[in-house]
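Spelled out, the chains give:
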Amino acid sequence: MRFKDKVAVITGAASGIGRATSLAFGAEGANLILVDIDESGLAEVAGSLPTDCQFDLIVGDVSKEETSLAVARVANKIYKRVNILFNNAGVETVAPLHETTEEMWDNVMDTNLKGAYFMTKQCLAFMIDAGGGVIINNASDAGLRGIKYSAAYSTSKAGLIHFSLSTAVDYASKGIRCNAICPGCIRTPLCERFNENVGKRKGITGAQALQEFVDDNIPMKRVGECDEVAKVVLFLCSPDAGYITGAVIPIDGGLTAGM
Ligand SMILES: NC(=O)c1ccc[n+]([C@@H]2O[C@H](COP(=O)([O-])OP(=O)(O)OC[C@H]3O[C@@H](n4cnc5c(N)ncnc54)[C@H](O)[C@@H]3O)[C@@H](O)[C@H]2O)c1
C-alpha cells in the first residue's frame, strides 16, 4: 500500500496505459481523480477498482481549461490536496507534414501539450502549498527522434519532454519532482490505430505493420504491455524514486537504445 491517503490525478484514464495505471494506483491505496473524454470507458475502469478505493470521475477534454478547473474543484472540495499527477491523455496523428491539416496539428498539440500545461498548472498550486508532489508526463519514443508519418505527434511529445525538464528545474526547490516517460510500442488501442494507419499507407494490415516494426526495430522483439508502463509510473511516484527528477525514461524494449 505505497500510496495510502495519496491523491492521484490521472488523465486519459479510460483506456490503455492510463487504465492500467489507475488500477495499479487504486490497488495500492491511492484516492483517484480520473479524467477522460470517454465516459463509458471511465465507468468501466471505476467498476474494476477495488471496492474500498475512493475515486471521482471527471468527463472532460484536457485541452479545455475548464477540465483542469473541474479537477481542482474536486480536489479542493474533497481532499484539499493533490499529491500525484500523471499527464497521460494523448492522441496520435499518422501523416507526413504536407498532409497534416491545421485541425490535426491543433488537436494533437492541444491534447498532448496544452492539456498537460492546464492540468499541471492547477495541480502545482496544491503541490506548492503542501511543499511537495510528483508529476509524470507520458511522452513517447516519438519525442526522442523523428519517426515516419508522425511530424505533429513527434513534435508534441518532444515539447512534452522539455515541458517536464523545465517543470523539474523550476519546482525542485518546492519538493516537487517531475519526470517524463517515453514508452515505445505498447499494446493499446492507440498503438493498434497507429499501425492500422501505417499499414494502409504501406498496403499491408495493421498487424503486419506492427510485426514489421517489432522485427526491424525492437531489440527485445516484442511489444510492451500496459502493466509494464504502470509499474514504472508507480515507482517514479514512490519515495524509492525520491532523488529522481528531470529524468526522461524510455520504456521500450531497447527501441531507442541504438538510435
Ligand atoms: N501505446 C503506445 O505504444 C504509446 C507509445 C508512446 C506513448 N504513448 C502515450 O501514452 C499515452 C496513453 O496512450 P495509450 O496508448 O494508452 O492510448 P489509448 O488510446 O488507449 O488511451 C488514451 C486515452 O486518452 C483519452 N483522451 C484522448 N484525448 C483526450 C482528451 N482531449 N481529453 C481527455 N482524454 C483524452 C482517450 O479517450 C483514451 O482513454 C498517450 O499520451 C500516448 O501518446 C503510447
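Relevant structure appears above.
Just so it is clear, the structure is predicted and the values come from calculations on it, not from any experiment.

Some words on the environment of Gly 115
- Mapped onto the elements, Gly 115 comes out in helix α4 (residues 102–130).
- By relative accessible area, which is 4% here, Gly 115 ends up buried.
- In sequence terms Gly 115 and Gly 132 are 17 residues apart; their C-alpha atoms lie 22 Å from each other.
- Setting aside anything within four residues of it in sequence, one finds Gly 115 in contact with Val 62, Ser 63, Asn 87 and Asp 110.

Side note on the sheet that holds strand β4 (residues 84–87)
- Spatial ordering of the open sheet is given by β3-β2-β1-β4-β5-β6-β7, a layout of seven strands whose pairing is parallel. Strands with a single pairing partner mark the edges of an open sheet, and in this sheet they are β3 (55–59) and β7 (248–251). Adjacent strand axes in the sheet meet at a mean angle of 15° when their direction is disregarded.

Considerations on the site of the ligand
- The environment of the ligand is made up of 30 residues, and the closest members are Ser 15, Asp 36, Asn 88, Tyr 153 and Thr 188.
- When the ligand is considered free in solution it has 820 Å² of accessible area, and contact with the protein chains removes 94% of it.
- Using a 2 Å cut-off from the grid points, one finds that the ligand occupies the largest pocket.
- Of all the secondary structure elements, the ones that give two or more residues to the shell around the ligand are α1 (16–27), α5 (151–171) and α6 (189–202).
- Among the elements that line the shell around the ligand, the one with the most residues is α6, at four residues.
- Of the residues contributing to the shell around the ligand, the split by class is 14 nonpolar, eleven polar and five charged.

Quick word on the packing of aromatic side chains
- If you walk through the whole model with that rule in mind, you get two aromatic pairs.
- Ring geometry for Phe 3 against Phe 25: centres 5.0 Å apart, planes inclined by 75°, an arrangement best described as edge-to-face. In this pair, Phe 3 is assigned in the segment before β1 (7–11) and Phe 25 in helix α1, connecting sequence segments 22 residues apart.
- Overall, the relative accessible area of 1% leaves Phe 3 in the buried class.
- For the pair Tyr 117 and Phe 118, a centre-to-centre distance of 5.3 Å together with 40° between the ring planes defines the contact as tilted.
- Using a relative accessible area of 11% as the deciding quantity, one classes Phe 118 as buried.
- Here the guanidinium or amino end of Lys 148 rests over the ring plane of Tyr 149, the centre of that ring lying 5.3 Å away.
- The ring of Tyr 149 has Arg 201 lying over it, and the distance from NZ or CZ to the ring centre is 5.1 Å.

What about empty space enclosed by the protein?
- Tallied over the entire structure, the rule returns one cavity of 30 Å³ or more.
- The computed volume of the largest cavity comes to approximately 50 Å³.
- Together, Thr 11, Val 62, Asn 87, Asn 88, Ala 89, Thr 111, Asn 112, Gly 115, Ala 116 and Leu 160 line the largest cavity.
- At four residues, the largest contribution of residues to the lining of the largest cavity is made by α4.
- Taken together, the residues of the lining of the largest cavity sort by class into four nonpolar, six polar and no charged.

Examining the nonpolar core
- Ranked by internal contacts, the top residues of the largest apolar core, which has 30 residues, are Phe 25, Leu 32, Leu 34, Ile 136, Ile 181, Val 233 and Cys 237.
- Those elements giving two or more residues to this core turn out to be β1, α1, β2 (31–36), α2 (39–48), β4, β5 (133–138) and α8 (226–237).
- Here the element with the most residues in this core is α8; it accounts for seven residues.
- With residues up to four places along the chain from it excluded, the contact list for Ile 181 reads Phe 86, Ile 136, Asn 137, Asn 138, Ala 139, Ser 140, Val 229, Val 232, Val 233, Leu 236, Ile 249 and Ile 251.
- Membership of the second largest hydrophobic core comes to 24 residues, among which are Val 7, Val 71, Val 82 and Ile 135.

Side note on the packing of helix α3 (residues 65–79) against α4
- The contact between α3 and α4 brings their axes to 8 Å, and the two run at 25°. In terms of orientation, α3 lies roughly parallel with respect to α4. Of the two possible hands of crossing, α3 and α4 adopt the one that is right-handed. Between α3 and α4, the residues in contact are Glu 65, Thr 67, Ser 68, Leu 69, Val 71, Ala 72, Ala 75 and Asn 76 and Phe 118, Met 119, Gln 122 and Phe 126, respectively.
- Here the residues of the contact of α3 with α4 are counted per class, giving seven nonpolar, four polar and one charged.

Topic: α3
- Counted at 1.5 Å a residue, the expected span for α3 with its 15 residues is 21 Å, and the 21 Å between its end C-alpha atoms agrees.
- Residues of α3 that are buried: Thr 67, Ser 68, Ala 70, Val 71, Ala 72, Val 74, Ala 75 and Tyr 79.
- Buried residues along α3 sit in contact with β1, β2, β3 and α4.
- Immediately beyond the C-terminal end of α3, within one or two residues, lies Lys 80, with a positive phi of roughly 60°.

Cut-off values and rules
- Residues numbered from 1 in each chain as written.
- Predicted model: local features only at pLDDT ≥ 70, side-chain atom pairs only at ≥ 80, totals over all residues.
- Heavy atoms only, no water.
- Helix = DSSP H or I, 4+ residues; strand = E, 2+ residues; numbered from the N terminus.
- Buried < 20%, exposed > 50% of the residue type's maximum accessible area, 1.4 Å probe, protein only.
- Contact = heavy atoms within 4.5 Å.
- Pairing = 2+ DSSP bridges.
- Axes fitted to C-alpha atoms, helices over the stretch in contact; angles between N-to-C directions.
- Near = heavy atom within 4 Å.
- Areas by Shrake-Rupley, 256 points an atom, 1.4 Å probe, with all protein chains shown as cover.
- 1 Å grid on protein atoms, 1.4 Å probe; cavity = no way out; pocket = protein on both sides within 12 Å on 5 of 7 lines; lining within 4 Å.
- Sits in = over half its atoms within 2 Å of the grid points.
- Nonpolar A, V, L, I, M, F, W, Y, C, P; charged D, E, K, R; others polar.
- Phe/Tyr/Trp six-rings, centres within 6.5 Å; stacked < 30°, edge-to-face > 60°.
- Lys NZ or Arg CZ within 6 Å of the ring centre and 35° of its normal.
- Points joined across faces, edges and corners; volume = space filled by probe spheres on them.
- Core = buried A, V, L, I, M, F, W, Y, C linked by side-chain atoms within 4.5 Å.
- Parallel < 35°, antiparallel > 145°, perpendicular 65-115°, else oblique.
- Left-handed = near helix turned anticlockwise from the far one by under 90°.
- Expected span 1.5 Å × (residues − 1).

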